[in-house]
Amino acid sequence: MEFQELDPILHSQLRLAVVSLLISVREAEFTFLKEKTNATAGNLSVQINKLKDAGYLDVTKQFNNNYPQTICKITKKGIEAFEDYVKALQTYMNPNGQ
Amino acid sequence: MTTKNENLSPTDSMQLINSMINQAKNNFSENGFLYLVWGWLIFTCSICHFIFLKLDLFKQPEIVWASCWLAVIFQIIYLSRQKKKEKVKTYSENIVNYIWISFGICMFIVVIIMSKTNNWPMMNSIILMLYGTPTFLSGIGMQFKPLVIGGIICWCLAILSVFIPPIYVLLLLAAAVLAAWIVPGYLLSTKYKLQNKQ
């Protein structure tokens, strides 16, 4: 079995954590992702933008009671990329395909 | 958490994915408040209706159920405020919400059918059966056993209700909401408080 290349967009600790969280929920607010990943707001914001630029996330900015709110949702492309990433990981963890 | 990827081995990646999925899965947002509001309201209305009928206190003892309309208005306001506070929306919560919306619609249709056919003695038995369905499905969706058990108890009481005089079915309604909403409501509340303490 050949080793598949790991998607560089997902093969980063924080971006992978964000996508893994969003794969299990319908949508999540920025503060939820920050709380669960223990990342700094600045770093998280940069990584979310990278995922958004890759077409993996839909990011909606809105106001709630005059406070800005950022809502993130995984896209179909993001789900497919995540599934491919997991399949690729399996080739590394189980190279004989057993 | 950082953005480094040099040291991220396949095992690390898998562990990270598992840990994040579990974190999202264990995020329990149901605080049980509405189960308690409706549970205590239906419990009180059933007992009052039974006492009024038994002691022949009022000409129209069923008037106590009008208080449910106030609870509907309260629920709409409460849910619209809660929605603004939500940090995350899960798939199971979405399904559970639609289950309760369909329950509300079914209740409305049952009231119309019963009032049109004048078949009021049957109404409480059907309501008991209807209480069971969303309670059971919510329990399955939320993986919360007390609601599943509560739903099954409602169905058992619905069967029992056809074998006893209609007036005592009101007491079965009280027992049903105690088992299906009040007890699970307090357990949900405790679970929610414990999660938010951590």
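Preceding this paragraph is the structure being described.
Nothing here was measured: the structure is a model prediction, and the numbers come from that model.

**Q** So what exactly am I meant to see when it comes to the overall build of chain B here?
**A** Secondary structure summary: chain B contains 7 helices and 1 strand in total. Tracing chain B from N to C terminus, the helices and strands come up as α-α-α-β-α-α-α-α. What you see for chain B is a C-alpha radius of gyration of 21 Å, clearly larger than the 16 Å of a compact globule of 198 residues, by over 25%. C-alpha atoms of chain B, sized along the principal axes, occupy 80 × 35 × 30 Å. Each of the 198 residues in chain B was classed as buried or not, and the buried ones make up 37%. Taking the contacts inside chain B whose residues are at least 6 apart along the sequence as the reference set, 71% of them involve residues at least 24 apart. Only carbon and sulfur atoms are counted for the fraction: they give 68% of the accessible area of chain B, which is about 11800 Å². Placing the 15 positive and 7 negative side-chain charges of chain B at their respective mean positions leaves the two points 5 Å apart.

**Q** What exactly am I supposed to notice about the interface of chain A and chain B here?
**A** How big an interface is tends to be stated in terms of the accessible area lost upon association of its parts. Contacts between the two partners involve 34 residues from chain A, matched on the other side by 25 residues from chain B. Broken down residue by residue, the surface that chain A buries against chain B is led by His 11, Gln 13 and Arg 26 of chain A, which jointly contribute 23%. Run the count over chain A and chain B and you get 2 salt bridges. Among the salt bridges present, the one from Glu 27 of chain A reaches Lys 89 of chain B, with a minimum N-O distance of 3.3 Å. Here chain A is connected to chain B by 6 residue pairs in polar contact (both at pLDDT 80 or more). Counting residues per element, the ones that place at least two in the side of chain A that touches chain B are helix H1 (13–24), strand E1 (27–29), helix H2 (30–37), helix H3 (41–53) and helix H4 (76–93) of chain A.

**Q** Sorry if this is basic, but what is going on with the packing of helix H6 (residues 145–161) of chain B against helix H7 (residues 166–197) of chain B here?
**A** The packing of two helices is summarised by the inter-axis angle and the distance between the axes. Residue and element names in this part refer to chain B. Contact geometry of H6 with H7 gives a least axis separation of 9 Å together with a crossing angle of 180°. The angle between H6 and H7 places the two elements in the roughly antiparallel class. Every residue of H7 that contacts H6 at Pro 146, Leu 147, Gly 150, Ile 153, Cys 154, Leu 157, Leu 160 and Ser 161 is listed here: Val 169, Leu 172, Ala 175, Ala 176, Ala 179, Ala 180, Pro 184, Leu 187 and Leu 188. The residue inventory of the contact of H6 with H7, partitioned by class, reads 15 nonpolar, 2 polar and no charged.

**Q** I tried to follow helix H1 (residues 10–25) of chain B on my own but got confused; where do I start?
**A** Residue pairs spaced three or four apart in an α-helix point in one direction, given the helix's 3.6 residues per turn. Taking 1.5 Å of rise per residue, 16 residues should cover 22 Å, and H1 of chain B covers 22 Å from first to last C-alpha, within 8% of that figure. Every buried residue belonging to H1 of chain B is among Ser 13, Met 14, Leu 16, Ile 17, Met 20 and Ala 24 of chain B, and all of these are buried. Around the axis of H1 of chain B, the buried residues are gathered within 160° of arc, so they sit on the same side. Among the exposed residues of H1 of chain B, those pointing more than 90 degrees away from its buried face are Gln 15 and Lys 25 of chain B. Lining the buried residues of H1 of chain B we find H1, H2 and H4 of chain A.

**Q** Got a minute to help me understand the pattern of salt bridges in this structure?
**A** Two side chains of opposite charge can pair, provided their charged atoms sit close to one another. All chains considered together, the criterion is met by 2 salt bridges over all chains. Between Lys 87 of chain B and Glu 35 of chain A there is a salt bridge, with the nearest N and O atoms lying 3.0 Å from each other. Of this pair, Lys 87 of chain B sits in the loop between helix H3 (67–85) and strand E1 (88–89) while Glu 35 of chain A sits in helix H2, which puts the two residues in different chains. Residue Lys 87 of chain B is classed as partly exposed on the basis of its relative accessible area, which comes to 36%.

**Q** Even after reading the chapter, I still don't get the packing of aromatic side chains, so can you show me in this structure?
**A** Pairs of aromatic rings are described using the distance from one ring centre to the other and the angle between the two planes. Residue and element names in this part refer to chain B. Using the criterion set out here, one finds 13 aromatic pairs over all chains in the structure. Geometrically, the ring pair formed by Trp 40 and Phe 43 is edge-to-face, given 5.5 Å between the ring centres and 80° between the ring planes. Here the residue Trp 40 and the residue Phe 43 both occupy positions in helix H2 (residues 33–55), the gap between them amounting to 3 residues, near one helical turn. The class of Phe 43 is partly exposed, set by a relative accessible area of 23%.

**Q** Can you walk me through the sheet that holds strand E3 (residues 67–74) of chain A in this structure?
**A** In sheet architecture, strand pairing relies on hydrogen bonds along the backbone and comes in two forms, parallel and antiparallel. Strands sit in the order E2(A)-E3(A)-E1(A)-E1(B) across an open sheet of 4 strands; the sheet is antiparallel. The open sheet has two edge strands, strand E2 (57–64) of chain A together with E1 of chain B, and neither has a second partner. The pairing of E1 of chain A with E1 of chain B spans 2 bridges and is antiparallel. Counterpart to Ala 28 of chain A in the pairing with E1 of chain B is Val 88 of chain B.

**Q** Teacher, can you tell me more about the nonpolar core here?
**A** Core analysis: the biggest nonpolar cluster contains 36 residues, and Trp 38, Ile 42, Leu 128, Tyr 131, Met 142, Trp 181 and Leu 188 of chain B have the highest contact counts within it. Elements with a minimum of two residues in this core: H2, H3, helix H4 (91–117), helix H5 (120–142), H6 and H7 of chain B. For this core, the leading source of residues is H7 of chain B, giving 9 residues. In contact with Trp 181 of chain B, not counting residues within four places along its chain, are Tyr 35, Leu 36, Trp 38, Gly 39, Ile 42, Trp 100, Phe 103, Tyr 131, Thr 135 and Ala 176 of chain B. Counting 35 residues, the second-largest nonpolar core is a separate cluster that includes Leu 10, Val 19, Phe 32 and Tyr 56 of chain A.

Rules behind the numbers
Residues numbered from 1 in each chain as written. Chains lettered and ligands numbered in written order. Predicted model: local features only at pLDDT ≥ 70, side-chain atom pairs only at ≥ 80, totals over all residues. Heavy atoms only, no water. Helix = DSSP H or I, 4+ residues; strand = E, 2+ residues; numbered from the N terminus. Rg over C-alpha atoms; globule rule 2.2 N^0.38 Å. Buried < 20%, exposed > 50% of the residue type's maximum accessible area, 1.4 Å probe, protein only. Contact = heavy atoms within 4.5 Å. Areas by Shrake-Rupley, 256 points an atom, 1.4 Å probe, with all protein chains shown as cover. Lys, Arg positive; Asp, Glu negative; His and termini not counted. Charge placed at Lys NZ, Arg CZ, Asp CG, Glu CD. Buried area = accessible area lost by both parts, 1.4 Å probe. Salt bridge = Lys/Arg side-chain N within 4 Å of Asp/Glu carboxyl O. Polar contact = N/O pair within 3.5 Å; in protein donor to acceptor, adjacent residues only side chain to side chain. Axes fitted to C-alpha atoms, helices over the stretch in contact; angles between N-to-C directions. Parallel < 35°, antiparallel > 145°, perpendicular 65-115°, else oblique. Nonpolar A, V, L, I, M, F, W, Y, C, P; charged D, E, K, R; others polar. Expected span 1.5 Å × (residues − 1). Arc of directions from axis to C-beta. Phe/Tyr/Trp six-rings, centres within 6.5 Å; stacked < 30°, edge-to-face > 60°. Pairing = 2+ DSSP bridges. Core = buried A, V, L, I, M, F, W, Y, C linked by side-chain atoms within 4.5 Å.

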